[in-house]
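A look at the structure
Chain by chain, the residues:
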Amino acid sequence: VQFLDLHFEKWDTDKYLELSHFLYNNYVQALQIIERYSVELEEFKQRKDLVDADFLKWRDEESEYLGQVATEPTADTIAVAYVENFEKLKHAEVMYSSVTSVPFLTYTPTNFTHTSGLNAATRHHSKAFEADYAAALRRYELQLNVVADFERRHDIRQRWTPECPEYTTALKYFHERRFVRVVEELEGLVVQCLFELSKANLAGTGYKMRKYISKAITHRSAAIRSALEKYNTLAPIQHPPQPVLDYSEVVGYASLGEFSLLKYSRYDVLAKPWTIPENRDMATKYFKVTRAHEEILRLNVEIRWLAHWIDHDDNKIRSAIILATKDPLLVAELKDVYAKHHRTNNIHRQRLHKIYQLPRFTGEPLPQAPDPIELEDGSCLDSALGDVDDDD
């Protein structure tokens with residue numbers, strides 16, 4: 001337990017000492033990002049006649065596209081379900097019509113007995129016919145109610161017919177649904193993989209981010225292999241047959257234009273501005289600049305909090321020393337604690353001063369250092385402790 005206590009005490013001290021260093025580095029990094037990319041972004045926007053809202057639009061369109069290829073569109077799901085129910089209704093109607101196509105049952109004298117009317121075989125045949133008729137009628141009425149309820153729930157005011165363009169399109173998709181979903185799954189995975197590869201090669205990408213992207217690419221590659229196997233199984237049996245793709249070819253694409261399936265995508269992804277490498281690069285820089293401005297606003301708050309805290313921390317221990325002047329042992333211990341805290345806080349003050357001196361610092365000015373506190377014997381507390389700032 002003692003070793004654990006020492007470990008976490010040292011860990012707390014180290015983390016506290018690094019606070020101002022962390023704030024300074026982040027502030028400098030944010031200012032460098034703004035300085036490095038702002039001019040380039042303005043030139044790009046003027047050249048392409050763009051505004052900031054265009055970058056936000058590209059981001060939303062990309063997010064929407066990746067969400068669409070990940071799941072089947074709701075409109076397609078509804079259309080397929082309606083066509084499926086309608087096909088079941090047509091089948092039930094055909095079965096019912098086949099049962100009612102014979103208008104009369106005919107009997108011959110051989111179908112009767114001398115005492116009890118129809119013989120057993122004829123009665124059994126008659127009951128079987130009636131049962132088939134009743135079952136076909138029930139199935140037809142039930143499916144008719146299912147279709148009517150579906151139309152009511154999805155606000156379909158006019159029932160589709162085989163001649164309707166919507167019905168023809170939905171029926172074709174119904175028969176090709178499995179293959180279409182596999183193609184869109186493969187499409188989404190390849191597009192995400194290409195985007196992740198482009199991020200991994202960006203200058204300035206941190207080690208942790210590169211490691212995260214590497215894991216994502218490995219996971220995506222396994223998913224691509226699985227989706228590609230499904231595609232290659234279904235492609236030859238389509239009408240007309242579709243080309244079989246090789247895994248090494250797919251994962252070797254360097255740009256979206258090389259992925260031939262995207263040319264036939266329902267989303268027309270190759271025509272989207274956010275798929276152009278230059279646009280994607282500038283959009284990345286735009287969001288970096290935007291986040292850098294947000295980071296500066298947050299750092300101004302954190303810097304002020306730290307500045308107030310180090311003064312509060314010093315004053316709190318100094319006040320405790322004054323209250324304990326009648327206990328020399330306690331005062332000695334408190335002075336030792338104060339010396340350690342004050343030395344660390346002075347390091348923070350020096351680093352905060354460096355932040356205040358940055359040419360584009362936008363926070364509040366440097367606060368006043370705490371006033372010296374006199375002891376009962378008239379000596380100054382900081383003088384009594386000695387110069388604790390020399391170690392900085």
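Residues numbered from 1 in each chain as written. Predicted model: local features only at pLDDT ≥ 70, side-chain atom pairs only at ≥ 80, totals over all residues. Heavy atoms only, no water.

What follows deals with the overall build of the protein. Scanning the protein from N- to C-terminus turns up 11 helices and 0 strands. Sequence-ordered secondary structure for the protein, helices as α and strands as β, is α-α-α-α-α-α-α-α-α-α-α. Counting all 392 residues of the protein, 34% fall into the buried class. Looking at the protein as shown, the accessible area adds up to about 25200 Å², and 57% of this sits on carbon and sulfur atoms. (Helix = DSSP H or I, 4+ residues; strand = E, 2+ residues; numbered from the N terminus. Buried < 20%, exposed > 50% of the residue type's maximum accessible area, 1.4 Å probe, protein only. Areas by Shrake-Rupley, 256 points an atom, 1.4 Å probe, with all protein chains shown as cover.)

Here we take up the packing of aromatic side chains. A full pass over the atoms with the stated rule returns 10 aromatic pairs. When the ring of tyrosine 82 is compared with that of tryptophan 160, the centres are 4.9 Å apart and the planes differ by 80°; the resulting orientation is edge-to-face. In this pair, tyrosine 82 is assigned in helix H4 (residues 74-100) and tryptophan 160 in the loop between helix H5 (120-153) and helix H6 (165-200), connecting sequence segments 78 residues apart. By relative accessible area, tyrosine 82 is classed as buried at 1%. Overall, tryptophan 160 belongs to the buried group, its relative accessible area being 16%. By the ring-pair criterion, three or more aromatic residues cluster together here, those being Phe44, Phe55, Trp58, Tyr286 and Phe287. The residue whose ring lies beneath arginine 36 is tyrosine 37, and the NZ or CZ to ring-centre distance is 5.4 Å. For the cation-ring pair, lysine 354 lies above tyrosine 24, with the distance from its terminal atom to the ring centre recorded as 4.5 Å. (Phe/Tyr/Trp six-rings, centres within 6.5 Å; stacked < 30°, edge-to-face > 60°. Lys NZ or Arg CZ within 6 Å of the ring centre and 35° of its normal.)

Among the nonpolar cores identified, the biggest contains 35 residues, and Tyr27, Phe55, Ile303, Leu352, Ile355 and Phe361 are the most heavily contacted of them. Going through the elements one at a time, helix H2 (19-48), helix H3 (52-70), helix H9 (277-323) and helix H10 (328-356) are the ones with two or more residues in this core. Broken down by element, this core gets its largest block of residues, 12 residues, from H9. Look past the residues within four positions of phenylalanine 361 in its chain and what remains in contact with it is Tyr27, Asn300, Ile303, Ile355 and Tyr356. Among the nonpolar cores identified, the runner-up in size contains 16 residues, and Leu186, Leu194, Leu228 and Leu234 belong to it. (Core = buried A, V, L, I, M, F, W, Y, C linked by side-chain atoms within 4.5 Å. Contact = heavy atoms within 4.5 Å.)

Okay, the packing of H9 against H10 next. Here H9 crosses H10 at 160°, and the two axes come no closer than 9 Å. Considering their axes alone, H9 and H10 lie roughly antiparallel with respect to each other. Taken as a pair, H9 and H10 cross one another with a handedness that is left-handed. For the contact of H9 with H10, a count of residues per class yields 14 nonpolar, 4 polar and 6 charged. (Axes fitted to C-alpha atoms, helices over the stretch in contact; angles between N-to-C directions. Parallel < 35°, antiparallel > 145°, perpendicular 65-115°, else oblique. Left-handed = near helix turned anticlockwise from the far one by under 90°. Nonpolar A, V, L, I, M, F, W, Y, C, P; charged D, E, K, R; others polar.)

What follows deals with unusual backbone geometry. A positive phi angle, near 55°, is found at aspartate 49, a position not held by glycine. In this fold, aspartate 49 is placed in the loop between H2 and H3. The class of aspartate 49 is exposed, set by a relative accessible area of 69%. Its identity as a non-glycine residue notwithstanding, aspartate 155 has a phi of 55°, on the positive side. Assignment of secondary structure puts aspartate 155 in the loop between H5 and H6.

Quick look at the packing of H2 against H9 now. It is the contact of H2 with H9, at a shortest axis distance of 7 Å, that shows an interaxial angle of 145°. Along this stretch, H2 crosses H9, giving a crossing that reads as left-handed. Class assignment of the residues belonging to the contact of H2 with H9 gives a composition of 18 nonpolar, 6 polar and 8 charged.

The values are spatial; any link to function lies outside them.
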